[in-house]
Amino acid sequence: MLDGQVLVDPTDAQIVHAWGIPTSLAEGERDFDVLVVGAGPAGLAAAVYASSEGLKSLIVERESIGGQAGASSLIRNYLGFSRGLSGAELAQRGYQQAWVFGASFLLTRQVTAIRRDADRFALSIDDVVGEVTARTVLLAAGVSYRRLNIPELEALSGAGVFYGASVSEAQAMTGRCAVVIGGGNSAGQAALHLARYAQRVLLVVRAPALSQGMSDYLSTELESAPGVEIRTGAEIVAGGGTGRLEHVVVRDRASGSNTTVDADGLFVMIGAQPHTQWLPDEVRRDSGGFLAVGADVGGEGWPLERAPLPYETSLPGLFAVGDVRSGSVKRVASAVGEGSVVVSQLHGYLQDPAQRDGKPRESAAGTVPRT
Ligand SMILES: Cc1cc2nc3c(=O)[nH]c(=O)nc-3n(C[C@H](O)[C@H](O)[C@H](O)COP(=O)(O)OP(=O)(O)OC[C@H]3O[C@@H](n4cnc5c(N)ncnc54)[C@H](O)[C@@H]3O)c2cc1C
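Residues numbered from 1 in each chain as written. Predicted model: local features only at pLDDT ≥ 70, side-chain atom pairs only at ≥ 80, totals over all residues. Heavy atoms only, no water.

1. Considerations on helix 6 (residues 216-224)
- Among the residues of helix 6, L218, S219 and L222 are the ones counted as buried. For helix 6, the buried positions fall inside an angular range of 95° around the axis, keeping them on one side. Turned more than 90 degrees off the buried face of helix 6, the exposed positions are D216, E223 and S224.
- Among the structural elements, helix 5 (185-195), strand 10 (200-204) and strand 11 (228-231) are those in contact with the buried residues of helix 6. (Buried < 20%, exposed > 50% of the residue type's maximum accessible area, 1.4 Å probe, protein only. Helix = DSSP H or I, 4+ residues; strand = E, 2+ residues; numbered from the N terminus. Arc of directions from axis to C-beta. Contact = heavy atoms within 4.5 Å.)

2. Details of the packing of helix 2 (residues 41-52) against helix 3 (residues 87-100)
- Running from N to C, helix 2 and helix 3 point in directions that differ by 20°, and their axes come no closer than 8 Å. Put simply, helix 2 runs roughly parallel to helix 3. The two elements helix 2 and helix 3 meet at a crossing, and its hand is left-handed. Contact with helix 2, carried on its side by L44, A47, V48 and S51, involves A91, G94, Y95, Q97 and A98 of helix 3 and no other residues of that element.
- A class-by-class count of the residues in the contact of helix 2 with helix 3 yields 6 nonpolar, 3 polar and no charged. (Axes fitted to C-alpha atoms, helices over the stretch in contact; angles between N-to-C directions. Parallel < 35°, antiparallel > 145°, perpendicular 65-115°, else oblique. Left-handed = near helix turned anticlockwise from the far one by under 90°. Nonpolar A, V, L, I, M, F, W, Y, C, P; charged D, E, K, R; others polar.)

3. Re the sheet that holds strand 9 (residues 177-181)
- With parallel pairing, 5 strands are arranged side by side in an open sheet as 8-15-9-10-11. Only two strands of the sheet have a single neighbouring strand rather than two, namely strand 8 (161-163) and strand 11. With direction set aside, neighbouring strand axes in the sheet form an average angle of 20°.
- As defined by bridge partners, strand 9 adjoins strand 10 across 5 bridges and the pair is classed as parallel. Along strand 10, the bridge assignment pairs C177 with R200. (Pairing = 2+ DSSP bridges.)

Written out as structure tokens, the structure reads:
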């Protein structure tokens, strides 16, 4: 390693630590103005703006910086980078920028619990003894896409196999064969978008009919779209290529018969799971587990007389941005944008006691427990 030390079978945390990246908190550093959960594009943008504007900030990331974007070999639709840039480079630049402004980072550590403690939040972080406190918390915890778990296709992730919409890959499909897996609206929209460029788009749906998971207008449009073939009651069971995806194997679920299909791009859209399971029940989520914010949390359950701020969750002082937010756009630029603008709401919350403490609503069904 850098200092000549040899690590035998090291953990991720040991490797990161050996590179001089912080995996533990400095002595006495236990209380922050803002604690950001997740160092994907949204969390990194918040880290840059919060620390550059004088907020004492801690960013906790359970894996590595960059989040999903860090897994993208070439982001083609980020403003100002006409030739694209790698997600890892974007993340590294964001990390350095935030660090220069004085943000603290804790990598390979996961936030596991949060509770209100008087005028602060108290958070548990794995492998950190005791609790860390913060006056505001920003959830930028993102999502994971459900994986195919087919080893030969996992090996081609980023080399023709893409999780999520990856719409910026659509142009690269010009004149080529694209396969989309998924029966929801996002899969339908991706198939239509790809059909504008690709020579042929095959939509593979497990359910026996499109109507089981897709809006009527979308399935009607797909059924008449030129160049789009739909196979319902089917699934992808294998695939491969030399260094890049070249084909997939589609199985008909009823007959069990397999067909090999040419494929230059495979877009897997079989569900996104937001990282919100660890949050307490008071934090309102939609049916998919995504966090409700702003106007969506008003009404019963919101404990204060003032209205929630635009990115504030149902727990006053707890904010959410990026892919983890209900209704988010799921792009690098929107995550960066939300992570940047939420900082002005954090300032507002911290500076204005009326916003911070607010008057409890007489009629609130359940006020937030304060210990
Ligand atoms: C392969 C791939 C390619 C893509 N390509 C493009 C593209 O070209 N253009 C584009 O615009 N978009 C692209 N996207 C989408 C884009 O990457 C996401 O919209 C964006 O990364 C969302 O940012 P985020 O910060 O909200 O969440 P994420 O990127 O998901 O980051 C969330 C982070 O939070 C961490 N975390 C979660 N829970 C905890 C916890 N409890 N404690 C600590 N840390 C936690 C996670 O480990 C993760 O690092 C791509 C996505 C993928 C998967």
